[in-house]
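A closer look at the structure
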Amino acid sequence: MSYKQTKILDVDKINNEDKKREYISDAAMWISEGEVVAFPTETVYGLGANALDEKAIAKIFEAKGRPSDNPLIVHIANRDQLSELVTEITPAAEKLMEAFWPGPLTIIFKKKGPIASNVTAGLDTVAIRMPSHPLALKLIEAANVPVAAPSANLSGKPSPTTAAHVYHDLQGRIAGVVDGGSTGVGLESTVLDCSVDPPMLYRPGGVTIEELKEVVGEVAVDPSLKNIEDAPRSPGMKYTHYAPKGSLSLVNDVSCIQALLDEAREQGKKVGVLTTEERAAEYEADTVIACGAREDLSTVAAKLYDALRQFDQENVDVIYSETFPNEGVGAAIMNRLEKAAGGRVI
């Protein structure tokens, strides 16, 4: 599927409310007609299509180059849509929705109803969330269908946090992009399976495991998070994701990074380092990117994917990244970095 031009609906830069409504109506019409449209959420930009239309969902996989055994998250705008898609809402799921919806938490339920089979990759469960971004909610409501939406990037590449990122990856591959400015959280949603007891974490994200435990008590962590041989039970569990073009390695001992950079430069490589504001001045490299502040890891999460894309823009061959505490939002940051590095840790 190709398009002469992917249309940009620049909602972010216009003040005319009638025009904003017109843009949202246009995007909703495209979705209802079986097209694929990128739109902002509070996490990253999503690539949306009618979750009830198998042919429309196939366009998502084609546009992204995404493996067909990788299930998609369904986005809804209200609880009425949820009751049409799931067989049961467990007490744990009820508590979690009350605490975190709308927001960056995806909950896995036992599925029912008319969800397209390629949304769930043949599983008997479906991953659903209610985003908090006002444009996302308005678009889903206007489309009047549940919207399946993985991140709006080429498969395996860093997820998009701006409309420009989407356009760079998917120009000519999708009908349009709703430009709502930069996203907030910057990392994909947390994915929690509430079809099992205790609930099981499949992907760390914008809602931390510590926050989940405060609401429901025990939370299990699925071991297949790091076992790529298992069939993925949710998005982000299989394959290398979020990867820049250059070779990325994570370095636990920051005192080693400069020596690694120097060695790679001696080999004729263009080198880069992913660090934070606190340590950026310590490094000599072709590209030094301070990805937020270590004292506030939410700023690192918000800037991570943009930083990885900057290395591509600078044509960096070898990248070394500092690591972060594997707790709170740091767990989500490390999950994405480990996948981006293909497990390379020094």
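Heads up: the structure comes first, above all this text.
What comes next concerns the included structure.

Right, let's get into a negative patch on the surface. On the surface, a cluster of negative charge is made up of E210, E211, E214 and E327. Turning to its location among the elements, E327 is positioned in the loop between β15 (318–322) and α10 (329–340).

Given a rise of 1.5 Å per residue, 12 residues ought to cover 16 Å, and the 17 Å separating the end C-alpha atoms of α10 matches this to within 8%. α10 sits mainly inside the fold: 10 of its 12 residues count as buried. Looking at α10, one finds that the buried residues are G330, A331, A332, I333, M334, N335, R336, L337, K339 and A340. G342 sits one or two positions beyond α10 and adopts a positive phi of about 60 degrees.

What follows covers the sheet that holds strand β9 (residues 190–193). Taken together, 11 strands build an open sheet; the order of strands is β1-β8-β2-β3-β7-β4-β6-β5-β9-β10-β11 and the sheet is mixed. Looking along the sheet, the strands with just one partner apiece sit at the ends: β1 (7–10) and β11 (220–221). Relative to β11, strand β10 (residues 200–203) is paired through two bridges, and the arrangement is parallel. The residue of β11 that forms the bridge with M200 is A220. Where helix α4 (residues 91–100) meets the sheet, it contacts β5 (105–110) and β9, and its direction lies at approximately 155 degrees from that of β5.

We now examine the nonpolar core. Judged by nonpolar contacts, the single largest core of 66 residues is most densely connected at W101 and I128. Filtering out sequence-adjacent residues up to four positions away, I128 remains in contact with V74, I76, L82, L85, V86, W101, L105, T106, I107 and F109. Counting 25 residues, the second largest nonpolar core, distinct from the first, contains L274, I289, V300 and A340.

Below, the discussion takes up unusual backbone geometry. A cis amide bond links W101 to the next residue, P102, at an omega of -10 degrees. Residue P198 is reached from D197 by a cis peptide bond, and omega for that bond is 0 degrees. Following the sequence through the fold, P198 ends up in the loop between β9 and β10. Positive phi values are uncommon outside glycine, yet A121 reaches one of about 55 degrees. Mapping A121 onto the fold places it in the loop between β5 and β6 (125–129). Unlike most non-glycine residues, N144 shows phi in positive territory, near 60 degrees. Accessibility expressed as a relative area gives 64% for N144, which makes it exposed.

Scoring rules and cut-offs
Numbering of residues begins from 1 in every chain and follows the order in which that chain's sequence is written. Reporting in this predicted model follows two pLDDT cut-offs: at least 70 for local features of residues, and 80 or more for side-chain atom pairs to be given and counted; totals over whole chains, interfaces and linings ignore these cut-offs and use all residues. Note that water and hydrogens are dropped before the side-chain values are worked out from all heavy atoms of the structure. The patch calculation keeps residues exceeding 30% relative accessible area without a salt bridge and links them within 9 Å when they carry like charges or within 5 Å when they are nonpolar (Val, Leu, Ile, Met, Phe, Trp, Tyr). All accessible-area figures derive from a Shrake-Rupley calculation using a 1.4 Å probe, and residue coverage is judged against the displayed protein chains alone. Every case where a carboxyl oxygen of Asp or Glu lies within 4 Å of a side-chain nitrogen of Lys or Arg is listed as a salt bridge. The charge count includes Lys and Arg as positive and Asp and Glu as negative, but it does not include His or the ends of the chains. A single reference atom marks each charge: NZ on Lys, CZ on Arg, CG on Asp, CD on Glu. By definition, any uninterrupted DSSP run of H or I lasting at least four residues is a helix, any uninterrupted run of E lasting at least two residues is a strand, and each is numbered from the N terminus. The span expected for a helix works out to 1.5 Å for each residue beyond the first. For the exposure calls, accessible area comes from a 1.4 Å probe over protein chains only, and a residue counts as buried if that area is under 20% of its type's maximum, exposed if over 50%, partly exposed in between. Strands are treated as partners if at least two bridges between them are detected by DSSP. We call two residues in contact when some of their heavy atoms are within 4.5 Å. For helices, the axis comes from a line fit to the C-alpha atoms of the stretch in contact; other axes are also lines fit to C-alpha atoms, and the angle between any two N-to-C directions lies between 0 and 180 degrees. Joining through side-chain atoms within 4.5 Å is the link that ties buried Ala, Val, Leu, Ile, Met, Phe, Trp, Tyr and Cys residues into a set, and such a set is a nonpolar core.

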